[in-house]
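Coordinate analysis (summary)
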2 protein chains.
Amino acid sequence: MALHHAAGIELTQVVARRSEALSDFIPEVPRGVLGTAVAEADVYVVAVSDSAIEAVARELLTKSGLVVHTSGARDPGALKGLSRVGVLYPLQTFSRERELKFGDIPLCLETSQPEDMPLLRTLAGALSQQVVELDLEARKGLHLAAVFVNNFANHMVYLGEAVCREHKLPANLLRPLLRETCSKLEALTAFQAQTGPARRGDRITQQAHLNLLGDSLQRKLYQLISESIQQTYD
Amino acid sequence: MALHHAAGIELTQVVARRSEALSDFIPEVPRGVLGTAVAEADVYVVAVSDSAIEAVARELLTKSGLVVHTSGARDPGALKGLSRVGVLYPLQTFSRERELKFGDIPLCLETSQPEDMPLLRTLAGALSQQVVELDLEARKGLHLAAVFVNNFANHMVYLGEAVCREHKLPANLLRPLLRETCSKLEALTAFQAQTGPARRGDRITQQAHLNLLGDSLQRKLYQLISESIQQTYD
């Protein structure tokens, strides 16, 4: 949708591996299924899971345009057998249910051939105000950072809600805390914003919490994260 | 400040253990230092770290009013030697730099004597719209949940920013992701919002991330949290 709306960009076709995947996409844009004819274009954006990049690349062997994947963790060379390859990695978390303001999303670019960068820059610049060139090493670092900031932080919220459920407490009690956790990080660094028993070195409360956790994996998590917080402030 | 502004509540005095702690408090409210005269009041709110509750209680032995502490993890009995005791636990993260809208903060109440509950309810109701009675077990569960939702989620953001620093990447690249991580949780449950290599069972990316982490504690954390995410979706 961001490509369809971007000024100066013509979204020629949307292609999926299974046609059902496109059933809720707007009808204005021509659709295709991989394995049948894929339209000619200047750039092909392969937005699939990492493990599918190679298989999709095989379907584009006859194309002369630039082919980019969107992975934070793979080399442009993951598009095997193609020569004009690159990466357009959007640093964001995507869920089908969520519409995003694409203009804010950092787009990290790499091309195997320097002469392809201006084209990729033009495409990325039409989508977002924040465009950076990053090689694989830097991009991998950023992807790892994103796992902590999004995936792992989100899982901590999940675990907190699970503890609430176990104690038959309404989950909405945690809402204001979650909101302030987020707002605080707009004003303070995460280093400054940290509070809690681990930050204070309050062993009594930590032990009481460990006694409450029935699940051994959760107990290990509690201990290890507390240790990491304490190490941060030692 | 919330007590000072609350309709129907008269904040008689603010008392600290060290007078410097009150240096930036508004001059309209009389101040005191613990150990010298503490004014008479209907309710005394002992808002100190858990380990200091007992020592502060000793200074209030001659008082006949209701004395409450604000801990999520301690019994009203932590106020040793006093008979009219209770708990007023605000489920929120507090930092000196942050002014909070107190009206949204869930206040969890407990009194050792049932006849003191109406008074504590009146006080709490003047501060917040969300007032719940919770016994120690439930409050401890909620406090533990809060550690995950706030303390641990915040530390994940810290670790993500630290990875960025190590790779000499600007930390502001993570801003839009952090914002979407938060907004997503307004619309979806944490269970639905989860994405990433652990959620997808993408072992190759997980291994690549582990290779990037130089610190053994961070490697252990990455493995354990990924395991917990996988277990959640198995």
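Our subject is the structure that appears above.
The following paragraphs examine the structure supplied in this document. (Residues numbered from 1 in each chain as written. Chains lettered and ligands numbered in written order. Predicted model: local features only at pLDDT ≥ 70, side-chain atom pairs only at ≥ 80, totals over all residues. Heavy atoms only, no water.)

**Here's the deal with the overall build of chain A**
Within chain A, the secondary structure is distributed over nine helices and seven strands. The C-alpha atoms of chain A give a radius of gyration of 22 Å, which is well past the 17 Å a tight globule of 234 residues would have. The buried share of chain A, reckoned over its 234 residues, is 53%. If you take every contact in chain A between residues at least 6 apart in sequence, the share linking residues at least 24 apart comes to 44%. (Helix = DSSP H or I, 4+ residues; strand = E, 2+ residues; numbered from the N terminus. Rg over C-alpha atoms; globule rule 2.2 N^0.38 Å. Buried < 20%, exposed > 50% of the residue type's maximum accessible area, 1.4 Å probe, protein only. Contact = heavy atoms within 4.5 Å.)

**Observations concerning the sheet that holds strand β4 (residues 66-69) of chain B**
Residues and elements named next belong to chain B. Strand order in the open sheet made by the five strands is β3-β4-β5-β6-β7, with mixed pairing throughout. On the outer flanks of this sheet lie β3 (43-46) and β7 (131-133), each paired with one strand and no other. Neighbouring strand axes in the sheet, compared pairwise and without regard to direction, differ in orientation by 25° on average. Here strand β6 (residues 107-111) runs beside β7; their pairing, made up of three bridges, is parallel. (Pairing = 2+ DSSP bridges. Axes fitted to C-alpha atoms, helices over the stretch in contact; angles between N-to-C directions.)

**Side note on the environment of Arg96 of chain A**
All names here are of chain A. Turning to its location among the elements, Arg96 is positioned in the loop between β5 (85-90) and β6 (107-111). The class for Arg96 is exposed, based on a relative accessible area of 64%. Setting aside chain neighbours within four positions, we find Arg96 in contact with Ala21 and Asp24. A distance of 3.4 Å separates the side chain of Arg96 from the side chain of Asp24, its partner in a polar contact. (Polar contact = N/O pair within 3.5 Å; in protein donor to acceptor, adjacent residues only side chain to side chain.)

**Topic: the packing of helix α4 (residues 136-166) of chain A against helix α5 (residues 175-187) of chain B**
The geometry of α4 of chain A relative to α5 of chain B is characterised by a closest axis approach of 9 Å and an angle of 20° between their N-to-C directions. One element, α4 of chain A, and the other, α5 of chain B, form an angle in the roughly parallel class. Relative to α5 of chain B, the crossing made by α4 of chain A is right-handed. Residues Ala146, Val149, Asn150, Asn154 and Val157 of chain A of α4 of chain A form the contact with α5 of chain B, whose participating residues are Leu177, Leu178, Thr181 and Leu185 of chain B. (Parallel < 35°, antiparallel > 145°, perpendicular 65-115°, else oblique. Left-handed = near helix turned anticlockwise from the far one by under 90°.)

**Observations regarding the interface of chain A and chain B**
Counting residues at the interface gives 88 residues for chain A, matched by 88 residues for chain B. Both sides together, the interface formed by chain A and chain B hides about 8600 Å², and carbon and sulfur atoms give 68% of it. In this structure, the connection of chain A to chain B is made through four salt bridges. Close ionic contact of Glu180 of chain A with Arg98 of chain B constitutes a salt bridge, the shortest N to O distance being 2.9 Å. Connecting chain A to chain B are 34 residue pairs in polar contact (both at pLDDT 80 or more). For the side of chain A that touches chain B, the secondary-structure elements that each account for two or more residues are α4, α5 (175-187), α6 (190-193), α8 (203-212) and α9 (216-233) of chain A. Per-element tally for the side of chain A that touches chain B: the top contributor is α4 of chain A, with 26 residues. Across the side of chain A that touches chain B, the residue classes break down as 47 nonpolar, 24 polar and 17 charged. (Buried area = accessible area lost by both parts, 1.4 Å probe. Salt bridge = Lys/Arg side-chain N within 4 Å of Asp/Glu carboxyl O. Nonpolar A, V, L, I, M, F, W, Y, C, P; charged D, E, K, R; others polar.)

**Remarks on helix α9 (residues 216-233) of chain B**
For α9 of chain B, with 18 residues, the first-to-last C-alpha span of 26 Å sits near the 26 Å given by 1.5 Å per residue. Looking only at α9 of chain B, the buried set comprises Leu217, Gln218, Leu221, Tyr222, Leu224, Ile225, Ser226, Ser228, Ile229, Gln230 and Thr232 of chain B. Here the buried face of α9 of chain B lies against α4 and α9 of chain A together with α4 (136-166), α6 (190-193), α7 (197-200) and α8 (203-212) of chain B. For α9 of chain B, the capping residue at the N-terminal end is Asp215 of chain B, with a side-chain oxygen 3.0 Å from the backbone nitrogen of Leu217 of chain B. (Expected span 1.5 Å × (residues − 1).)

**Quick notes on the state of the cysteines**
Put plainly, a disulfide is one covalent bond tying together the sulfur atoms of two cysteines. Here the structure, examined in full by the defined rule, presents one disulfide over all chains. Across the disulfide from Cys182 of chain A sits Cys182 of chain B; the S-S distance is 2.2 Å. Between Cys182 of chain A and Cys182 of chain B the disulfide shows an S-S torsion of about -95°. By sign, it is left-handed. Taken as a pair, Cys182 of chain A in helix α5 and Cys182 of chain B in helix α5 lie in two separate chains rather than in one. The class of Cys182 of chain B is buried, set by a relative accessible area of 16%. No disulfide involves Cys164 of chain A; its sulfur sits 9.7 Å from the nearest other cysteine sulfur, which is in Cys108 of chain B. On the basis of relative accessible area, Cys108 of chain B is assigned to the buried category, the value being 0%. (Disulfide = S-S within 2.5 Å.)

**What about the relation of the copies chain A and chain B?**
Each copy of the sequence occupies a distinct position, and chain A is placed on chain B by a rotation of 180° and an axial shift of 0.0 Å, giving an RMSD of 0.0 Å. The operation mapping one copy onto its partner corresponds to a two-fold rotation axis. For chain A, the minimum C-alpha distance to the rotation axis belongs to Ala153 of chain A and amounts to 2.2 Å. A share of 100% of interface residues in chain A that are also interface residues in chain B marks the association as one of identical surfaces. (Least-squares fit on C-alpha atoms with pLDDT ≥ 70 in both.)

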